[in-house]
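# Overview (structure and organization)
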Amino acid sequence: MKKKNGGQSRRIETIDIAKAITIFCVILGHTTGNLDTPLFRRVLYSFHMPLFFLLAGLCVKPRTLHGIKAWGDFLYKNLLALMVPYLIWGLVYAPFSYKNLLDLFYGSWEALTRMETLTSLWYLPCFFVSRVIVQIVVTAVEYAKVKNVPLWCGIAALPLLLIGLLLPHSENGVLWCADIALVGSAFILLGIALRKAYLIMAQQKTQWLVISFLGSVVLFCCGSVFRGDALELSLMCKSSYGNQMWFLYNSVFGSLSVLTLSMLLSRFSRESVRPFRIDAVTYIGQETMGIYLLHKPFLQQTMMPVLTGLIPAQCPFLVIAFLASCGALLFSIGMCFVIGRFLPQLLGRFPRNEWAETSKSHL
């Protein structure tokens, strides 16, 4: 683990690596249109958004909020970290009108689509609601004075997951993606429940990590790649999960594949015959909020058209998509550095706001 500047909190290197891998999956998935269904996109969408929520849970140490002031501070800090950048970027990417303002305040993917802004912004209000749900559960569990809080958080995740999957999704979506937030909060709670096991697993011998990684990849491929045309496109933003059992299956083994890969990369960077630095990857993992906000327009309006025009038509689309994703990632990192230096509030970072750090690292 790496200690953050200021000495107040610690980062887990393997989680930052996992976030870097996951945000690249998001960028790669955005190289096509919203409803396009090439196999690589269906594979990525079968697990990457649940993994974001799970990673948030793996970073959380449950704590009870006592009294109105504590809850007020919690809500205030989360509004700054998530909803302020949501509102700012929602208006940056769309022309101003009172109708657009109403859609922006509604906060569903469908509403953002209508106002022709960055549809990826749905994640921020959804994550905000998910955090509130998780905090309610954590506080309730701690007030119950149970011996194993993480275990009961995991148990509480199951009904939330079931309700979120079964709730009907209206044509206009739900205010602040509250139905999707039930599913998201379930994955966060599962992350809280699995945090200790995750930290123990990260310390296992390299050969066991290799076996775990390979096994996870094979099982994930059985539920996604090997199913071919039977694999449906899962759009969590629309509460559209396809076959829900396969969605859960792929969420588990896709997430486990990324987590074990991140453990191996961290281990090899320190203990291989030729150790190497992985700081660039962990930096990407620390800047996922900004990358998420910035990459899509540059990717779709600059990188993809340019590369499609330059690279011969016979070249596989996935190669073009990969190169475009790398370019969009580099552009976004550069923009994150500039914005973070001069106007960090655009990325949800406010002075003395510890929850702003979670918006930076958990997304």
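Residues numbered from 1 in each chain as written. Predicted model: local features only at pLDDT ≥ 70, side-chain atom pairs only at ≥ 80, totals over all residues. Heavy atoms only, no water.

## Quick word on the overall build of the chain
Note the threshold: Only DSSP runs of H or I with at least four residues qualify as helices, and only runs of E with at least two residues qualify as strands; both kinds are numbered from the N terminus onward. Our radius of gyration looks at C-alpha atoms and nothing else; its globule reference is 2.2 Å times the residue count to the power 0.38. Here, two residues are considered to be in contact whenever any of their heavy atoms come within 4.5 Å of each other. Per-residue and other accessible areas follow the Shrake-Rupley method at a 1.4 Å probe size, with only the shown protein chains counted as cover for residues. Charge convention: Lys and Arg are scored as positive, Asp and Glu as negative, and His as well as the terminal groups of each chain are ignored. Charged groups are reduced to one reference atom each: NZ for lysine, CZ for arginine, CG for aspartic acid, CD for glutamic acid.
In terms of helices and strands, the chain carries 15 helices and 2 strands. Taking 363 residues into account, the globule formula puts the C-alpha radius of gyration at 21 Å, and the chain, at 20 Å, falls close to it. Along the three orthogonal principal directions, the C-alpha set of the chain runs to about 65 × 60 × 45 Å. Pairs at least 24 apart in sequence give 77% of the contacts found in the chain among residues at least 6 apart. Only carbon and sulfur atoms are counted for the fraction: they give 68% of the accessible area of the chain, which is about 16900 Å². Computed over 31 positive and 17 negative side-chain charges, the separation of the two mean positions in the chain equals 10 Å.

## Structural notes on the packing of aromatic side chains
Defined as follows: Pairing of aromatic side chains here covers Phe, Tyr and the six-membered ring of Trp, requires ring centres within 6.5 Å, and sorts the geometry by plane angle: under 30 degrees stacked, over 60 edge-to-face, intermediate tilted. Three exposure classes are used, based on accessible area relative to the maximum for each residue type with a 1.4 Å probe and protein chains only: buried under 20%, partly exposed in between, and exposed over 50%.
By the definition in use, this model includes 18 aromatic pairs. A centroid spacing of 5.5 Å and a plane angle of 70° characterise the contact between F24 and F322, whose relative ring orientation is edge-to-face. Note that F24 is positioned in helix α1 (residues 13-29) and F322 in helix α14 (residues 317-342), a separation of 298 residues in sequence. Relative to F247, the ring of F187 has its centre 6.5 Å away and its plane inclined at 85°; by these criteria the two rings are edge-to-face. Taken together, the positions of F187 in helix α9 (residues 178-201) and F247 in helix α11 (residues 244-271) put the pair 60 residues apart, joining distant regions of the chain. You'll find F187 and F247 in the same group, each marked buried. Feature note: the residues F52, F53, W122, Y123, F127 and Y292 constitute an aromatic cluster, connected by ring pairs.

## Structural notes on a nonpolar patch on the surface
Put simply, the rule reads: Note on patches: the residues involved have over 30% relative accessible area and no salt bridge, like charges join within 9 Å, and the nonpolar side chains Val, Leu, Ile, Met, Phe, Trp and Tyr join within 5 Å. In the sections that follow, a salt bridge refers to a side-chain nitrogen of Lys or Arg positioned within 4 Å of a carboxyl oxygen of Asp or Glu.
Taken together, the side chains of F337, V338, F342 and L343 define a hydrophobic patch exposed on the protein surface, amounting to about 430 Å² of accessible area. With respect to the element layout, L343 can be found in the loop between α14 and α15 (354-362).

## Considerations on the confidence of the model for the chain
For the record, the criterion: Note: pLDDT gives the predictor's confidence per residue, expressed from 0 to 100.
On average, the chain scores 92 in pLDDT, and the residues at 70 or more come to 94%. Every residue in residues 1-9 scores below 50 in pLDDT, and together they form 15 contacts with partners more than four places removed in sequence or on other chains. In the predicted structure, residues 353-361 sits below a pLDDT of 50 and forms 35 contacts with residues beyond four places in sequence or in another chain.

## So, unusual backbone geometry
One non-glycine residue with positive phi stands out, namely K145, at about 60°. For K145, a relative accessible area of 75% puts it in the exposed group. One non-glycine residue, W176, adopts positive backbone phi at about 55°.

## Section: the nonpolar core
Condition: Here the nonpolar core consists of buried residues drawn from Ala, Val, Leu, Ile, Met, Phe, Trp, Tyr and Cys, with membership extended through side-chain atoms lying within 4.5 Å.
Membership of the largest hydrophobic core comes to 108 residues, with the highest contact counts inside it found for W122 and Y123. For this core, the element with the highest residue contribution is helix α7 (residues 123-143), accounting for 12 residues.

## Regarding the environment of S240
Relative to the helices and strands, S240 is located in the loop between α10 (206-223) and α11. For S240, a relative accessible area of 29% corresponds to the partly exposed category. Sequence separation of S240 and F253 is 13 residues, and the distance between their C-alpha atoms is 19 Å. Setting aside its immediate chain neighbours within four residues, S240 contacts L233, S234 and L235.

## As for the packing of α1 against helix α13 (residues 288-310)
Two numbers describe a pair of packed helices, the interaxial angle and the distance between the axes. What counts here: Here an axis means a line fitted to C-alpha atoms, over the contact stretch when the element is a helix, while the angle between two N-to-C directions is reported on a 0 to 180 degree scale. In this scheme, roughly parallel covers angles under 35 degrees and roughly antiparallel covers those over 145, while 65 to 115 is roughly perpendicular and the rest are oblique. Note on convention: the crossing is left-handed when the near helix lies turned anticlockwise from the far helix by less than a right angle, right-handed when the turn is clockwise. When residue character is reported, Ala, Val, Leu, Ile, Met, Phe, Trp, Tyr, Cys and Pro are called nonpolar, Asp, Glu, Lys and Arg charged, and the others, Gly included, polar.
α13 packs onto α1 with a crossing angle of 20° between their chain directions and a minimal axis gap of 10 Å. Looking at the two axes, α1 sits roughly parallel to α13. Of the two elements, α1 crosses α13, and the hand of that crossing is right-handed. Here K19, I23, V26 and I27 of α1 lie close against α13, whose contacting residues are T288, I291, Y292, H295 and L299. Counted by class, the contact of α1 with α13 contains 6 nonpolar, 2 polar and 1 charged residues.

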